[in-house]
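Below, each chain spelled out in residue letters.
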Amino acid sequence: MAKSRRLFIAVSGLALFLFLTVQMNMTVRAGSNENLSDLRGGVAALLNPDVTNSTEIVNAKAMELNLDLWQEEKEERMSNLVMANVKSALNVRSDASEEAEKVGKLYKDCGGTILDRRGGWTKLQSGNIVGWASDEYLLFGEDAINLANDVGKMIATINTETLRVRKEPNTDAEVCGLLPKGEIVEVISNDEENGWVCIDYEGSDGYVSSEYVELDFLIDAGETMEEIKAREAAEAEAKRHVNYGVYTTDADTTLLLAALIQCEAGGEPYEGQLAVGAVVMNRVRSGAYPDSIHGVIYASGQFTPAMSGRLNRVYDSGKIYDSCIRAAEEALSGVSNVGDMTHFRRNNGREGLVIGNHVFY
């Protein structure tokens, strides 16, 4: 049986009721693949080893993506998943009190594992954060699961030295690219029966053999105060700053944004490339995400090319499309063709603004 199939049976895919097994530790730093194994698990990384009789309900969004993850429902259980329910950042504290020291922040769409609850507060772990947050700004149970499945993503990690990406799901189809071992790509659908996974390859559909990938589900994690300080210091050193809605920055950061646009939408029309840049800038300005381009791009669990190191390779190569650089410059100047939208993914029929192969929402 294919490795991906075994993995999916083990975790029951994107189950509505998740049983948390290991703590989420998904913080990725620029240029680092050292913690790649910590990224693996997604939903698997949210399962509880103490739960031995785990059965889950298939989540509707997985079915919409044609991910073949069904399993008969036997019993309903509450999950230990918790999600931030904020428009801005949520402080996580050392104890269950507004007076306690801040130990980190959860941003919009961040999730974690419930460790304890008392008096209207929840002790949680999210990434490297362990601390208490007010229940007023958290989602639990089915509400948390629904949000996680809405903002999380299914990914495939390449587990062979070099994997061919084909234009059709068969071995005779034309090869449109090669992926190195450890590369992480977003999953569009999984044809488990025939052994092919459809992935997002530079904004277009590509197909890889399920035998050579591991499939996981990722949710964003927060930042500790130490991580925030380190990021802010690096950004100050690079002299990045925001000025009245127009983001004034150095050439290197402009190229970083352009490289991300190329990784996410290099095969899309210019409007699609600009839209990706606008999403990044909307996040920078929103207050609900890190307040810099670097912080937004490298936020854990958010942009797949940043997680895999592919973004850094494109940036270091210097081979960035002129159209992507132009889209980055236009987005930096304040232009947005997606309003204040802060999300996008491959168009899977969900409501939103469709541009090329992506839906923005």
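Residues numbered from 1 in each chain as written. Predicted model: local features only at pLDDT ≥ 70, side-chain atom pairs only at ≥ 80, totals over all residues. Heavy atoms only, no water.

Let us now look at the packing of aromatic side chains. All chains considered together, the criterion is met by two aromatic pairs. Between F303 and F344, the ring centres sit 6.3 Å apart and the planes meet at 35°, which makes this aromatic pair tilted. Taken together, the positions of F303 in the loop between α8 (293-297) and α9 (304-308) and F344 in strand β18 (residues 344-346) put the pair 41 residues apart, joining distant regions of the chain. Exposure remark for F344: the relative accessible area of 13% places this residue in the buried category. (Phe/Tyr/Trp six-rings, centres within 6.5 Å; stacked < 30°, edge-to-face > 60°. Helix = DSSP H or I, 4+ residues; strand = E, 2+ residues; numbered from the N terminus. Buried < 20%, exposed > 50% of the residue type's maximum accessible area, 1.4 Å probe, protein only.)

Further remarks concern the pattern of salt bridges. Within the structure shown, the criterion is met by seven salt bridges. Across the pair E183 and R310 runs a salt bridge whose closest N-O atoms are separated by 4.0 Å. One end of the pair, E183, is in the loop between β10 (175-180) and β11 (184-191); the other, R310, is in helix α10 (residues 310-317), and 127 residues separate them in sequence. For the pair shown, E183 and R310 are each scored as buried. (Salt bridge = Lys/Arg side-chain N within 4 Å of Asp/Glu carboxyl O.)

Bringing the side chain of S209 into the picture now. If you trace the backbone, S209 turns up in strand β13 (residues 204-209). Overall, the relative accessible area of 16% leaves S209 in the buried class.

To continue, consider the environment of L311. Take L311: it is sitting in helix α10. Between the alpha carbons of L311 and A259 there is a distance of 6.3 Å; along the sequence they are 52 residues apart. Among all residues touching L311, those that are not within four sequence positions of it are L256, A259, L260, C263, I297, Y298, P305 and A306. (Contact = heavy atoms within 4.5 Å.)

Here helix α6 (residues 251-265) spans 21 Å end to end across 15 residues, near enough to the 21 Å set by a 1.5 Å rise per residue. Buried within α6 we find T253, T254, L256, L257, A258, A259, L260, I261, Q262, C263, E264 and A265. (Expected span 1.5 Å × (residues − 1).)

A separate point is the confidence of the model for the protein chain. The predicted model of the protein chain averages 76 in pLDDT, with 73% of residues at 70 or higher. Considering only residues more than four positions removed or in separate chains, one finds that residues 1-78, a stretch of pLDDT under 50, has 181 contacts. This model gives residues 238-245 a pLDDT under 50, and the stretch forms 15 contacts once residues within four places in sequence are excluded. (pLDDT = per-residue confidence, 0-100.)

Attention shifts here to the nonpolar core. In terms of nonpolar packing, the biggest core is built from 36 residues, with L257, V280, M281, I297, L311 and F360 touching the most fellow members. Counting only elements with at least two residues in this core, the list comes to α6, α7 (270-286), α8, α10 and α11 (322-332). Sequence-distant contacts of I297, defined by excluding residues within four places in its chain, comprise L256, L257, L260, V280, F303, A306 and L311. One finds M154, L179, V185 and V213 within the second-largest nonpolar core, a separate group that totals 24 residues. (Core = buried A, V, L, I, M, F, W, Y, C linked by side-chain atoms within 4.5 Å.)

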